[in-house]
Amino acid sequence: MVDTRHESKTKLLDAALHVIRAKGYTATRIEDICEAAGLTKGSFFHHFKSKEDLALAAAEYWGVMTGRLFEAAPYHAVSDPLGRLLAYVDFRKALLLGELPQFTCLVGTMVQEVYDTHPLLRQACDKSISDHAATLEADIAEAMRQYNIHAEWTAKSLALHTQAIIQGAFILAKAKDGPAVAVDSIDHLRRYLELLFAQSGTQEKPS
């Protein structure tokens, strides 16, 4: 677990979340992080050995911070498992607010650049994305049982697919310089999930 007991270290991590999402990992300099945090390079090197060391800590910090956000999200209160999954998608859509660095994914941004050059960072990004996807697996598995879904795909593969769509939506938002296309992509994801679990029986479709 990343240690955030020092205020200066937390400031550097918070700055990394914003600057790397805005500029990308490669273009981000240690000086950029220090300027955004309002700290000196001496403070930076007191806490981190290098930019990669900071990025590894930032990936873990991102997982902790976003984990808290999703753990407290209202979709957990929905009783129907498919309804919870759809409410999760709605929650992801509701987060598409503000400028691109405010809603795009840190680890998704980094892994596109570093997957072949920084193996430790790639692994950290994979862990963050996969750990988040895993939080959906129980609801998907329960929905598969409740809606009598027997298929070759698994709860794990569908959970990862939802993240592939959402990460792709962020890429499109960057390409189009705005969130509208990402909103459309997440709406398509919701419709896909509804169709995937559609039943010919009498069960009422969750809202």
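Refer to the structure printed above.
Residues numbered from 1 in each chain as written. Predicted model: local features only at pLDDT ≥ 70, side-chain atom pairs only at ≥ 80, totals over all residues. Heavy atoms only, no water.

1. Side note on unusual backbone geometry
Unlike most non-glycine residues, Asn148 shows phi in positive territory, near 55 degrees. Among the structural elements, Asn148 can be located in the loop between helix H9 (137–146) and helix H10 (155–176). In this structure, Asp177 takes a positive phi of about 60 degrees despite not being glycine. A relative accessible area of 62% means that Asp177 is categorised as exposed. (Helix = DSSP H or I, 4+ residues; strand = E, 2+ residues; numbered from the N terminus. Buried < 20%, exposed > 50% of the residue type's maximum accessible area, 1.4 Å probe, protein only.)

2. Describing the nonpolar core
Here is a general trend for soluble globular proteins: nonpolar side chains tend to be buried in one another's company. With 62 residues, the main nonpolar core has Met110, Ile140 and Phe197 as its most contacted residues. With 8 residues, the top contributor of residues to this core is helix H4 (residues 51–71). (Core = buried A, V, L, I, M, F, W, Y, C linked by side-chain atoms within 4.5 Å.)

3. A word on the packing of H9 against H10
Remark: H9 packs on H10, axes separated minimally by 9 Å, with the N-to-C direction vectors making an angle of 125 degrees. Viewed along their axes, H9 and H10 adopt a mutual orientation that is oblique. Every pair of crossing elements has a handedness; the one defined by H9 and H10 is right-handed. Residues Glu137, Ile140, Ala141 and Met144 of H9 pack against Ala155, Lys156, Leu158 and Ala159 of H10. Of the residues in the contact of H9 with H10, the class split is 6 nonpolar, no polar and 2 charged. (Axes fitted to C-alpha atoms, helices over the stretch in contact; angles between N-to-C directions. Parallel < 35°, antiparallel > 145°, perpendicular 65-115°, else oblique. Left-handed = near helix turned anticlockwise from the far one by under 90°. Contact = heavy atoms within 4.5 Å. Nonpolar A, V, L, I, M, F, W, Y, C, P; charged D, E, K, R; others polar.)

4. What about the pattern of salt bridges?
Counted by the stated rule, this structure contains 10 salt bridges. Note that Arg190 and Glu194 form a salt bridge whose closest N and O atoms lie 2.9 Å from each other. Within this pair, Arg190 and its partner Glu194 are both found in helix H11 (residues 180–196), separated by 4 residues, close to a single helical turn. Overall, Arg190 belongs to the buried group, its relative accessible area being 16%. Salt bridges sharing common partners tie together Lys23, Arg29 and Asp32. (Salt bridge = Lys/Arg side-chain N within 4 Å of Asp/Glu carboxyl O.)

5. Focus: H9
All buried positions along H9 are accounted for by Asp139, Ile140, Ala143 and Met144. One side of H9 carries all its buried residues, which in axial view fall inside an arc of 140 degrees. Exposed positions of H9 whose direction lies more than 90 degrees from the buried face are Ala138 and Arg145. Against the buried residues of H9 lie helix H5 (81–94) and H10. (Arc of directions from axis to C-beta.)

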